[in-house]
Amino acid sequence: MDVQLISSMFEELPRQGPGSDEATAFALSFIPPHHKRGRILDVGCGSGMQTLTLARTCPDCRVTASDLHQPFLDDVNSRATKAGLSGRIETRQASMDALPFDDASFDMVWAEGSAFIIGIGPALKYW
């Protein structure tokens, strides 16, 4: 499967899956405040709509946005800069089934609409 070709078809969309800023904020509202600090990994971030919401909603955190498709990460960087969040968001090109991070590198793993790509079982195993 040509992941780059498939991903390129979604480059112009503001989101690469279902959801909204409100849905992200609502999901985050179930996380206790003391868990909204530290480092968050956003797996399969796409163009980063939820990444920015995570950074805005969790002002005491740093977000690492990972995706396999570099043009999506370029969008994340551009949007973060425009939103004044570039100092708190970093991007990393990586496959969600081979993340290049040490165990316990993050306080929270966020995967909004991406776990289905590899399946829930493998996602929980890898992440």
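Not measured: the values here are computed from a predicted model. Along each chain, numbering runs from 1 in the same order as the chain's sequence is written. For this predicted model, a pLDDT threshold of at least 70 governs which residues receive local features, and a threshold of 80 or more governs which side-chain atom pairs are given and counted, while totals over whole chains, interfaces and linings are taken from all residues. Side-chain figures throughout are based on the complete set of non-hydrogen atoms in the structure, without hydrogens or water.

J.: Can you explain the confidence of the model for the chain? Please cite residues and give values.
T.: In low-pLDDT regions, the fine details of the predicted coordinates are not to be read closely. In the predicted model, the chain carries a mean pLDDT of 87, and the fraction of residues at 70 or more is 86%. Mean pLDDT values over the elements of the chain span from 55, in helix α1 (residues 3-8), up to 98, in strand β3 (residues 89-93). pLDDT gives the predictor's per-residue confidence on a scale running from 0 to 100. Note on conventions: DSSP H or I runs of at least 4 residues are helices, E runs of at least 2 residues are strands, and numbering of each starts at the N terminus.

J.: How would you summarise the layout of surface pockets if you had to cite specific residues and measurements?
T.: Cavity means a closed set of points on a 1 Å grid over the protein atoms alone, one where a 1.4 Å probe fits but cannot get out, pocket means an open set with protein on both sides within 12 Å along at least 5 of 7 lines, and lining means a residue has an atom within 4 Å of a point. Grid points are joined across faces, edges and corners, and a volume is the space filled by probe spheres set on the points. Of the voids in this model, the second largest pocket is the one considered here, and its volume is about 200 Å³. Lining the second largest pocket are L41, L99, F101, D102, D103, A104, S105, F106, V109, Y126 and W127. Each residue is assigned to one class: nonpolar for Ala, Val, Leu, Ile, Met, Phe, Trp, Tyr, Cys and Pro, charged for Asp, Glu, Lys and Arg, and polar for all the others, Gly among them. Residue composition of the lining of the second largest pocket, by class: eight nonpolar, one polar and two charged.

J.: Tell me about helix α3 (residues 49-57), and name the residues and values.
T.: Between buried and exposed lies partly exposed: a residue is buried under 20% and exposed over 50% of the maximum accessible area for its type, with that area taken using a 1.4 Å probe on protein chains only. Here α3 has its buried residues at Q50, T51, L52, T53, L54 and A55. Tucked into the core, α3 has its buried residues touching α2 (21-28), β1 (37-43), β2 (60-67), α4 (70-82), β3 and β4 (108-110). In what follows, a contact means two residues having at least one pair of non-hydrogen atoms within 4.5 Å.

J.: With reference to specific residues and values, describe the pattern of salt bridges.
T.: When a carboxyl oxygen of Asp or Glu lies within 4 Å of a side-chain nitrogen of Lys or Arg, that pair is called a salt bridge. Following the criterion strictly, the structure yields three salt bridges and no others. Taking the shortest distance from any N to any O, the salt bridge between R37 and D60 comes out at 3.8 Å. Placement of the pair is R37 in strand β1 and D60 in strand β2, with a sequence separation of 23 residues. With a relative accessible area of 51%, D60 lands in the exposed category. Close ionic contact of R39 with E90 constitutes a salt bridge, the shortest N to O distance being 3.8 Å. Of this pair, R39 sits in strand β1 while E90 sits in strand β3, placing them 51 residues apart in sequence. A relative accessible area of 30% means that E90 is categorised as partly exposed.

J.: Any details on the sheet that holds β4? Residues and values, ideally.
T.: Picture the strands of a sheet paired through backbone hydrogen bonds; they go either parallel or antiparallel. Think of it this way: DSSP has to see at least two bridges between two strands before they count as a pair. Taken together, four strands build an open sheet; the order of strands is β3-β2-β1-β4 and the sheet is parallel. Each of the sheet's edge strands pairs with one partner strand only, and the pair in question is β3 and β4. Strand-to-strand twist of the sheet, defined as the mean angle between neighbouring strand axes without regard to direction, takes the value 25 degrees. Pairing geometry for β1 and β2, over seven bridges, is parallel. Looking at β2, one finds that G38 is bridged to C61. Along the sheet, α3 contacts β1, β2, β3 and β4; its crossing angle with β2, the most-contacted strand, is approximately 170 degrees. Between N-to-C directions, angles cover 0 to 180 degrees, with each direction set by a line fitted to C-alpha atoms, over the stretch in contact for helices.

J.: Summarise the packing of aromatic side chains; cite the residues concerned and give the values.
T.: Ring geometry is summarised as follows: Phe, Tyr and Trp rings, the Trp one being its six-membered ring, pair when their centres sit within 6.5 Å, and such pairs are stacked at plane angles under 30 degrees, edge-to-face over 60 and tilted between the two. Summed over all chains, the structure comprises two aromatic pairs. Pairing F26 with F30 gives two aromatic rings, centres 5.0 Å apart and planes at 90 degrees, and the pair type is edge-to-face. Its relative accessible area of 53% is what places F26 among the exposed residues. By relative accessible area, F30 is classed as exposed at 59%.

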